[in-house]
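Take a look at the letters that make up each chain.
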Amino acid sequence: MTESAQSLDLSDTLAPMREEFLLPEDVVYLDGNSLGPLTRASKTAIDRVVSKQWGDDLISSWNRHGWIDLPERVGEKIAPLIGAAPGQVLCVDSISINLFKLLSAALALRPGRSTILLTENDFPTDGYVAEGLASLIGGDRCRLRRVSPASLTDALDEDVAVLMLTQVNYRTGELYSMEALTRAAHEAGALVLWDLAHSAGALPISLDACAADLAVGCGYKYLNGGPGSPAFVYVNQNHQAAIRQPLSGWLGHRSPFDFSPSYEPAAGVLQFQAGTPPIISLASLDAALDMFAAVDLESLREKSLALTSYFMERLSSVESLRDLRVLTPQDAGSRGSQVSVAHPQAWGISQALIEAGIIVDFRAPNIVRFGFAPLYNSFSDAQAALKELASIFESGRHEDSKFQQRPKVT
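Not measured: the values here are computed from a predicted model.

Draft legend 1. Seen up close, the sheet that holds strand β10 (residues 338–342). As summarised here, the arrangement of the 4 strands in space is β9-β10-β13-β12, forming an open sheet in which the pairing is antiparallel. Lying at the two open borders of the sheet, with one neighbouring strand each, are β9 (325–326) and β12 (361–363). Pairing analysis gives 2 bridges linking β9 to β10, with the strands arranged antiparallel. Pairing of V326 across the sheet is with V341, part of β10. Across the sheet, helix α9 (residues 297–317) is in contact with β9, β10 and β13 (367–371); its angle to β10 comes to roughly 25°. Relative to the sheet, helix α10 (residues 346–355) contacts β12 and β13, its axis offset from that of β13 by approximately 35°.

Draft legend 2. Highlighting helix α2 (residues 40–57). Between the first and last C-alpha of α2 there are 23 Å, a value that for 18 residues agrees with the 26 Å anticipated at 1.5 Å per step. The set of residues buried in α2 consists of S42, A45, V49, Q53 and D57. Elements in contact with the buried residues of α2: α3 (61–64) and α8 (279–289). Two residues or fewer after α2 comes L58, characterised by a positive phi angle close to 50°.

Draft legend 3. Inspection of the pairing of strand β3 (residues 115–119) at higher detail. Within β3, 5 of the 5 residues are buried, which leaves the element mostly enclosed by the surrounding structure. Burial along β3 is two-sided: T115, L117 and T119 and I116 and L118, pointing in opposite directions, are all buried. In this sheet, strand β4 (residues 143–147) lies alongside β3 in parallel orientation, the contact comprising 5 bridges. Each bridged residue has a counterpart across the sheet, and for L118 the counterpart in β4 is R146. Following the chain from β3 across helix α6 (residues 124–137) to the adjacent parallel β4, one finds a crossover that is right-handed. Bridging between β3 and strand β5 (residues 160–166) involves 3 bridges; their strand directions are parallel. Its bridge partner being in β5, T115 is matched across the sheet by V160.

Draft legend 4. Geometry of unusual backbone geometry. The omega torsion of the bond from A364 to P365 falls at 5°, within 30 degrees of zero and hence cis. Relative to the assigned elements, P365 resides in the loop between β12 and β13. Although it is not a glycine, N224 sits at a positive phi angle of roughly 65°. By the secondary structure assignment, N224 is in the loop between β7 (214–217) and β8 (232–235). For N224, a relative accessible area of 3% puts it in the buried group. Despite not being glycine, F259 has its phi angle at roughly 50°, a positive value. Relative to the assigned elements, F259 resides in the loop between β8 and α8.

Draft legend 5. Region of the structure containing the nonpolar core. By size, the foremost hydrophobic cluster in this structure holds 62 residues, and its most contacted members are I78, I82, W194, L196, L207 and L375. Elements that contribute at least two residues to this core include exactly α4 (70–78), β2 (89–91), β5, α7 (178–187), β6 (191–195), β8, α8 and α9. Apart from the residues lying within four places of it in its own chain, the contact partners of L207 are I82, G83, M178, L196, A212, A215 and Y234. Counting residues in each nonpolar core, the second largest holds 33 residues, with L30, L315, V368 and A382 among its members.

Draft legend 6. View of the side chain of Q240. As for its placement among the helices and strands, Q240 is situated in the loop between β8 and α8. A polar contact is formed between the side chain of Q240 and the backbone oxygen of G87, at a distance of 3.0 Å. A polar side-chain atom of Q240 sits 2.9 Å from the main-chain carbonyl oxygen of V235. Dropping the residues within four chain positions of it, Q240 is found in contact with G87, Q88, V235, G268, V269 and Q271.

Conventions and cut-offs
Residues numbered from 1 in each chain as written. Predicted model: local features only at pLDDT ≥ 70, side-chain atom pairs only at ≥ 80, totals over all residues. Heavy atoms only, no water. Pairing = 2+ DSSP bridges. Helix = DSSP H or I, 4+ residues; strand = E, 2+ residues; numbered from the N terminus. Contact = heavy atoms within 4.5 Å. Axes fitted to C-alpha atoms, helices over the stretch in contact; angles between N-to-C directions. Expected span 1.5 Å × (residues − 1). Buried < 20%, exposed > 50% of the residue type's maximum accessible area, 1.4 Å probe, protein only. Right-handed = clockwise from strand over helix to strand, strands pointing away. Core = buried A, V, L, I, M, F, W, Y, C linked by side-chain atoms within 4.5 Å. Polar contact = N/O pair within 3.5 Å; in protein donor to acceptor, adjacent residues only side chain to side chain.

Structure (structure tokens):
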């Protein structure tokens, strides 16, 4: 890629989408893979929900403004972004809670099998939840097996009940083949639970076409719903008649306002509700999702790959940056929408970049992640990050003592 950043920005058909975000003028934001920025639509929606709906209409807003239907309504907006037909996606709770629900349900759907298979370097919370479930119900009903990504298909034996895998690895940015791994799991008699935290909103996903069984994802990364925005849960319609979730809260009841003393699950995916939904954050996500209606997901993917390719190609050509080890696959079909580099002083590098207005993030023990969100990031953003990164190495600023202390959130 020999074109300049400026010429690439001029020909970028998604460039106008940047105006939908309230980004500070003096900041290059490359951390949307961790927290998406505030959208203009979300700000308006939050103001309206707080001031008008909650402020003026109070409890009548559950009916008057459709608060009670937000989990389902937001889920239906997410559905086309992840390749799901209507009636299969619900926006509710957090990824961790949804993982617990789905893992429990998946084990029940595969009686006689007890293994949850996952990779050694997947996002920790996925394994933590599985460990907690195993501790709760016992190792004879639930056990974990962690293997390398290359060993996944070989590890799919007759005891594997569910393969749990994040589609884009949070450390490296590697994109796994949903189609191939789902097919391999099914051939072995196992279900597949996909974590879409680092892919939903950044690239096209084909849950239904790949015959995926179950999935979770979050609303605050590429979907830009805001900090702590609710997650979503997907249950393939083929499993909805048989599946049961363990957190039988009142809002997942068939008729929650009958206040029946006995629990009867709602039909289909609606049973995956439990408690009262967080209306303000749901309203923010609901508004942020509307911009995707005007976006072609293939164009989104094309720009994502162009941004990461531009960054990686120029990164490898700068002499002063040769000590950085690129973890993200060079093959475009095998990477998500981030570039991860490893260095012994990764923490200092990330902090020096942030001080200079290039917002990236650090992942222990030695990774700096550059997240490229195609809806608002530009090639000029990538160029600015490369320029500042080279300046940091040339000056040695990342070794300054002020960059050696780590706060609670890294």
